[in-house]
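# An overview of the molecular structure
Here are the chains, one letter per residue:
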Amino acid sequence: MEQKKKFESLFEGYLSNKYSADDVDQIISDIPKDELRRLILQEFYETKEPKVDKTQVQRIVDNVKLQLDEILRKQPKKLINYRTIASVAAAILLCLSIGYYFLMDKPTAPSMISSYVDRSPGTYKATLTLDDGSKVDLNTSKGGLKTDDNTIRYEDGTRATSKATEFATLVTPRGGEYRITLPDGTKVRLNAATSLTYPLQFTDSIRQVTVAGEAYFEVAHNAKKSFVVKSEQQSITVLGTKFNIDTYSEVGKTRTTLVSGRLQLQQYATNKKIVLTPGQEATLNKNSWTVQDVDPENSILWTEGYINLNKQKLEQILSNLSRWYDVDFSIVDRKIEHLVFEGEIPKTKNLSTALAILEKAGNLVFEEKGGVIEVTARR
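Small disclaimer: the values here were computed from a predicted structure and weren't measured.

Rules used throughout
Residues numbered from 1 in each chain as written. Predicted model: local features only at pLDDT ≥ 70, side-chain atom pairs only at ≥ 80, totals over all residues. Heavy atoms only, no water. Salt bridge = Lys/Arg side-chain N within 4 Å of Asp/Glu carboxyl O. Helix = DSSP H or I, 4+ residues; strand = E, 2+ residues; numbered from the N terminus. Buried < 20%, exposed > 50% of the residue type's maximum accessible area, 1.4 Å probe, protein only. Contact = heavy atoms within 4.5 Å. Core = buried A, V, L, I, M, F, W, Y, C linked by side-chain atoms within 4.5 Å. Pairing = 2+ DSSP bridges. Expected span 1.5 Å × (residues − 1). Axes fitted to C-alpha atoms, helices over the stretch in contact; angles between N-to-C directions. Phe/Tyr/Trp six-rings, centres within 6.5 Å; stacked < 30°, edge-to-face > 60°. pLDDT = per-residue confidence, 0-100.

This part takes up the pattern of salt bridges. Considering all chains together, one arrives at 17 salt bridges under this definition. Across the pair Lys142 and Asp156 runs a salt bridge, and its minimum N-O distance is 3.4 Å. Here the residue Lys142 occupies a position in the loop between β3 (135-137) and β4 (145-148), and Asp156 occupies one in the loop between β5 (151-154) and β6 (167-172), the gap between them amounting to 14 residues. For Asp156, a relative accessible area of 44% gives the class partly exposed.

Set out below in structure tokens:
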């Protein structure tokens, strides 16, 4: 609590012009990235009259740009870890830009006005399907699930079901998330509209699960038993690592992002194998892999309570919003589907906050017709 108050005091002092531009470097170093993000978003999303004016925001943005450029100039790209000061500076820049310019700078007399029913954000919910086909609606007040001694329990120790089963499938609906600890101690977090099938005991020479949708894995190390994640197009083999896998069917691709450790991927159609190292992302599309260096932080922002906009096309962003807010979108003007955005949005906010950002940043209009929100370019 004392540490949190210190961070708030530093940030408050900066907003009040207590610190000069020369002090920015120290502030960035002292406040962890997650705290900076929280404080910045709190200032711009929750304060009706922010303490900073447009001139001050521009000064902060310019300072951060200079620092980021200096950091990137001094360090080779391969040496910059995604949790270094460079990513902190980038996070500040993006949050400030979105928070102020997209929400506080009001558009002037638009010729077209968005019209839609607001939606609340998704919540913590899921169902469990046992191998006899029976379903269990999980109690969202008891935390996630854990499996031990061939028993499925909530994190508080109470039983989720008394039925015996060898396999179970955890399913999140649209507008839902959930987490589970598997029998070996592996932790898995499921995004909306995702399923995970797993055994109550890993008795074979490998630990194998099946996933559809998007999930983040923190795999418990076991040198004698590889951990295998099977999806529609590929399998992933690991010993102990952290990674994200995105297999949403509407995307038509399987995207695997490695945060730490080492992964071996094998596609079913050709049996081709590749190995990923931390900071790499493999995209499987029509039996062909594309591997690129990325900031893995972006792929797991959803586990930290944010909707990722960084380098995301409008079509992909709307798919993510559709799953989280349980609402359907239709892009009427196809020319706008490839618009690319930057930044992030707190997942705790209503749909209207997310659409206000996209509306301002992309010059878009959202209009609901028959339960579907149509997206057009503002004219």
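Here Ile245 shows up in strand β14 (residues 242-246). A C-alpha to C-alpha distance of 9.7 Å links Ile245 and Ile300, two positions 55 residues apart in sequence. Those residues in contact with Ile245 that lie beyond four places of it in its chain are Val211, Gly213, Glu214, Ala215, Phe217, Ser231, Gln234, Ile236, Thr254, Arg255 and Thr256.

Attention shifts here to the nonpolar core. Leu128, Leu138, Leu145, Leu196, Tyr198, Phe217 and Phe243 are the most contacted members of the largest nonpolar core, which has 40 residues in total. In this view, Phe217 contacts Thr186, Lys187, Val188, Leu196, Val209, Phe227, Val229, Thr241, Lys242, Phe243 and Ile245; residues no more than four positions away in its chain are not counted.

Before going further, it helps to examine the pairing of strand β25 (residues 364-369). Pairing analysis gives six bridges linking β25 to strand β26 (residues 372-377), with the strands arranged antiparallel. Pairing of Phe366 across the sheet is with Val375, part of β26.

When the terminal C-alpha atoms of helix α7 (residues 351-362) are compared, their 16 Å separation across 12 residues agrees well with the 16 Å that a helix rising 1.5 Å per residue should span. Among the residues making up α7, those that are buried are Leu351, Thr353, Ala354, Leu355, Ile357, Leu358, Glu359 and Gly362. In the segment just after α7, Asn363 is the residue with positive phi, at about 55 degrees.

End to end, helix α6 (residues 314-325) covers 16 Å across 12 residues, agreeing with the expected 16 Å (1.5 Å per residue, within 8%). Within α6, 10 of the 12 residues are buried, leaving the element largely enclosed by the surrounding structure. Every buried residue of α6 is accounted for by Leu314, Gln316, Ile317, Leu318, Ser319, Leu321, Ser322, Arg323, Trp324 and Tyr325. Where α6 terminates, the next one or two residues include Asp326, which has phi positive at roughly 55 degrees.

Within the element layout of this structure, Gln234 appears in strand β13 (residues 234-238). Owing to a relative accessible area of 0%, Gln234 belongs among the buried residues under this scheme.

Take the sheet that holds strand β12 (residues 226-230) next. Strands sit in the order β3-β2-β6-β9-β10-β12-β13-β16-β17 across an open sheet of nine strands; the sheet is mixed. Single-partner strands in this sheet number two, and they are β3 and β17 (273-276). Across this sheet, the average inter-strand angle for adjacent strands is 20 degrees, counted without regard to direction. Sheet topology places β13 next to strand β16 (residues 263-267); four bridges connect them, and they run antiparallel. Bridge assignment links Gln234 to a residue of β16, and that residue is Gln267.

The next subject is the sheet that holds β26. Through backbone hydrogen bonds, the strands of a sheet pair up, either in parallel or in antiparallel fashion. An order of β22-β26-β25 is seen for the three strands of this open sheet, with the pairing classed as mixed. The open sheet is flanked by β22 (328-331) and β25, the only strands paired with a single partner. Neighbouring strand axes in the sheet, compared pairwise and without regard to direction, differ in orientation by 30 degrees on average. Strands β22, β25 and β26 of the sheet are contacted by α6, whose axis makes an angle of about 165 degrees with β22. Where α7 meets the sheet, it contacts β22, β25 and β26, and its direction lies at approximately 140 degrees from that of β25.

Time to look at the packing of aromatic side chains. Each aromatic ring pair is described using two quantities: the centre-to-centre distance and the angle formed by the ring planes. Summed over the entire model, instances satisfying the criterion amount to four aromatic pairs. Look at Phe202 and Phe227: their rings are 6.2 Å apart centre to centre, the planes differ by 70 degrees, and that puts the pair in the edge-to-face class. Placement of Phe202 in the loop between β9 (194-199) and β10 (206-212) and of Phe227 in strand β12 is noted, with a sequence separation of 25 residues between them. Phe227 carries the same exposure label as Phe202, and that label is buried. With 6.1 Å between their ring centres and 65 degrees between their planes, Phe217 and Phe227 make a pair best called edge-to-face. In this pair, Phe217 sits in strand β11 (residues 214-218) while Phe227 sits in strand β12, placing the two residues 10 residues apart along the sequence. Of the two residues examined, Phe217 and Phe227, each falls in the buried class. An aromatic cluster of at least three residues, connected via ring pairs, comprises Phe202, Phe217, Phe227 and Phe243.

In this model, the chain carries an average pLDDT of 80, and 69% of its residues clear a pLDDT of 70 or more. For the stretch residues 97-111, pLDDT sits under 50, and the model shows 40 contacts to residues farther than four places along the chain or on other chains.

Of all six residues that make up strand β18 (residues 280-285), five are buried, and the element is covered over most of its length. Across four bridges, the pairing between strand β15 (residues 254-260) and β18 is antiparallel. Each bridged residue has a counterpart across the sheet, and for Thr254 the counterpart in β18 is Leu284. One ladder, built from six bridges, connects β18 with strand β19 (residues 288-293); its direction is antiparallel. Bridging across to β19, Leu284 finds its partner in Trp289. Count of turn residues in the β18/β19 antiparallel hairpin: two residues, of which Lys286 carries a positive phi of about 55 degrees.

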